[in-house]
Amino acid sequence: MSTTWQSSTWQNWGRNVRSHPTRVVEPRSSDEVAAVVRAGAEAGLVVKAVGAGHSFTPIAATDGILASLRHLDRLLHHDVATGRVTVQAGISLHALNRVLDGLGLALPNLGDVDPQSVAGAVSTGTHGTGARLRGIAAAVVGARLVTGTGDVVDVDEQHPWFGAVRVGLGALGVLTEVTLQCVPAFLLRAREEPARLPALLAALPELVEAHDHMEFYWFPHTDRALLKRNDRVPEGTERRPVGRVRHLLDDELLSNGAFELLNRAVRLRPSVIPRANELSGSLLGAREYVDHSHAVFVSPRRVRFVESEFAVPREALPDLIAALQRWFSRTDERVSFPIEVRFAADDDVWLSTAHDRDSAYVAVHQYHRTDPTAYFAATQDIFTAHEGRPHWGKMHTLDASYLAERYPRFEDFLAVREDADPHRTFANPYLQRVLGP
Ligand SMILES: Cc1cc2nc3c(=O)[nH]c(=O)nc-3n(C[C@H](O)[C@H](O)[C@H](O)COP(=O)(O)OP(=O)(O)OC[C@H]3O[C@@H](n4cnc5c(N)ncnc54)[C@H](O)[C@@H]3O)c2cc1C
């Protein structure tokens, strides 16, 4: 039976979104989810499925019934020969990676962290980096969805809703099962090294094409950057993970412990941020190691932050970075967090930020105790001037009138929503803003 308790306060990982659900439920099967949805609809209450609360937008927030799928976390079917794996949709990416390891399989690509639920990651278009690779939703080949009328619908690649359910924003129903197309497990050679932004931008087209997963971090107010290149190694290559001491120094101390202290300190004296960034950019040294793909993709993130990220056509990136540089040279805002730049291939998912165009992703972050409003507003203006599409789970202030222009299949998505959730059982203010009433 599903667990139910009366309200408490719910908040997201970034601590910038809070809500007060009237009831929290933890169903353990698709049938129990369907019962929750029907009961909610009858009582006139909104039902929101929630994963790990790792979205920075209020996309999962509700004052109605909050459904946590944390008990729906099992492997249901697998076929190693085809690489297809069906899991319950509440499983975390962390747990999924362990399950796949055991089967000799892996997801083709991942983002920076792994606490997210599979359903949450898929629903907002979570992605990693790689010019020939796509976001996690593009690996979905089937899903089981409980609709707003409490019906349980299996959506496969032939189903007319297939283009919509993969990045469904939680607007079409509750995903209870997801089938993923995986690949044989693989090791990656990771190379990280400091770089200068002008040289990096000059070499960018070759770098993006030459490496399986390439990304860089640019330290604002400076021309310093950190370049990361991850490439598959030939079969038989030995694993050479980061040593314990190096891991403690780079990942725990410089990227987390010291970075937290630095962010606390510079809040009191923002004027020192440019010099602090110069120092951070020079301290991060070069390193190389070989490890399981998920161990390379995922890093610990212990300094809490808020984030905004946009996808732009890949060819717009140099222009966009030049516009950001111009803005930094004239603003009084001081930003201690590096700007992250990633890449993805075009896909056919209707509301994927990389829909139908090879994309560059540019992410801006701010320490969670610092007000990001002015910084994110200015960068949003720059992103939208370059046809930017906001990540559905990361902060932005855009609405349906802008988004309809950016997504050629926007109206088709709304038509599926009309069928799947005619009474708006899954609505909330964020969905009302981005999809319209
Ligand atoms: C530290 C950090 C690092 C991040 N790194 C990356 C990154 O590298 N790349 C990237 O693209 N994003 C990244 N993100 C964003 C994150 O991956 C997305 O916001 C993702 O949606 C979070 O998953 P979640 O399980 O926490 O979902 P939640 O935030 O809890 O929910 C997100 C949406 O999914 C819906 N949902 C949840 N479960 C279901 C379900 N069962 N059925 C239907 N809808 C459901 C919710 O209703 C909501 O609409 C990061 C976020 C953080 C905090």
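Residues numbered from 1 in each chain as written. Predicted model: local features only at pLDDT ≥ 70, side-chain atom pairs only at ≥ 80, totals over all residues. Heavy atoms only, no water.

In the annotation of an unreviewed UniProt entry, the entry for the chain reads D-arabinono-1,4-lactone oxidase, and the organism field reads Aeromicrobium halocynthiae.

Trainee: So what exactly am I meant to see when it comes to the pattern of salt bridges here?
Mentor: Tallied over the entire structure, the rule returns 25 salt bridges. Between Arg84 and Glu157 there is a salt bridge; the shortest N-O distance is 3.4 Å. Of this pair, Arg84 sits in strand S8 (residues 84–88) while Glu157 sits in the loop between strand S11 (152–156) and helix H4 (162–165), placing them 73 residues apart in sequence. As a salt-bridge pair, Arg342 and Glu340 come within 3.5 Å of each other at their nearest N and O atoms. The exposure class assigned to Arg342 is buried, which follows from its relative accessible area of 3%. One continuous salt-bridge network, built from bridges that share partners, spans Asp112, Arg301, Glu307, Glu309, Glu340, Arg342 and Lys394. (Salt bridge = Lys/Arg side-chain N within 4 Å of Asp/Glu carboxyl O. Helix = DSSP H or I, 4+ residues; strand = E, 2+ residues; numbered from the N terminus. Buried < 20%, exposed > 50% of the residue type's maximum accessible area, 1.4 Å probe, protein only.)

Trainee: Sorry if this is basic, but what is going on with the site of the ligand here?
Mentor: Taken together, 35 residues are adjacent to the ligand, and Ala49, His54, Ser55, Thr124 and Leu175 come closest. A distance of 2.8 Å separates an oxygen atom of the ligand from a polar atom in the backbone of Asp112. One of the side-chain N or O atoms of His391 is found 2.8 Å from an oxygen atom in the ligand. Computed on the free molecule, the ligand has an accessible area of 980 Å², of which 99% lies beneath the protein chains in the complex. (Near = heavy atom within 4 Å. Polar contact = N/O pair within 3.5 Å; in protein donor to acceptor, adjacent residues only side chain to side chain. Areas by Shrake-Rupley, 256 points an atom, 1.4 Å probe, with all protein chains shown as cover.)

Trainee: Would you explain the pairing of strand S15 (residues 213–218) in this entry?
Mentor: Regular strands place side chains that alternate from one sheet face to the opposite one. For S15, the buried fraction is high: 6 of the 6 residues fall into the buried class. A two-sided burial pattern is seen for S15, the buried positions comprising His213, Glu215 and Tyr217 on one face and Met214, Phe216 and Trp218 on the other. Here S15 runs beside strand S16 (residues 224–232); their pairing, made up of 6 bridges, is antiparallel. In the sheet register, Glu215 faces S16, and the bridge partner there is Lys228. Once S15 ends, the chain turns through 5 residues before running back antiparallel as S16, passing His221 with a positive phi of about 70°. (Pairing = 2+ DSSP bridges.)

Trainee: How should I be thinking about the packing of aromatic side chains in this particular structure?
Mentor: Between two aromatic rings, the relevant description is the distance of the centres plus the angle of the planes. Applying the stated criterion to the full structure yields 11 aromatic pairs. Pairing Phe310 with Phe383 gives two aromatic rings, centres 4.8 Å apart and planes at 25°, and the pair type is stacked. In this pair, Phe310 sits in strand S18 (residues 305–313) while Phe383 sits in helix H10 (residues 373–384), placing the two residues 73 residues apart along the sequence. Following the ring pairs from residue to residue traces out a cluster consisting of Trp218, Trp327, Phe328, Tyr375 and Phe376. The ring of Phe162 has Arg166 lying over it, and the distance from NZ or CZ to the ring centre is 3.8 Å. Directly above the ring of Trp13 sits Arg304, whose terminal nitrogen or CZ lies 5.2 Å from the centroid. (Phe/Tyr/Trp six-rings, centres within 6.5 Å; stacked < 30°, edge-to-face > 60°. Lys NZ or Arg CZ within 6 Å of the ring centre and 35° of its normal.)

Trainee: Sorry if this is basic, but what is going on with the side chain of Asp421 here?
Mentor: By the secondary structure assignment, Asp421 is in the loop between helix H12 (410–420) and helix H13 (429–435). One buried charged residue, Asp421, remains without a salt bridge, the closest side chain of opposite sign being Arg417 at 5.0 Å. (Lys, Arg positive; Asp, Glu negative; His and termini not counted.)

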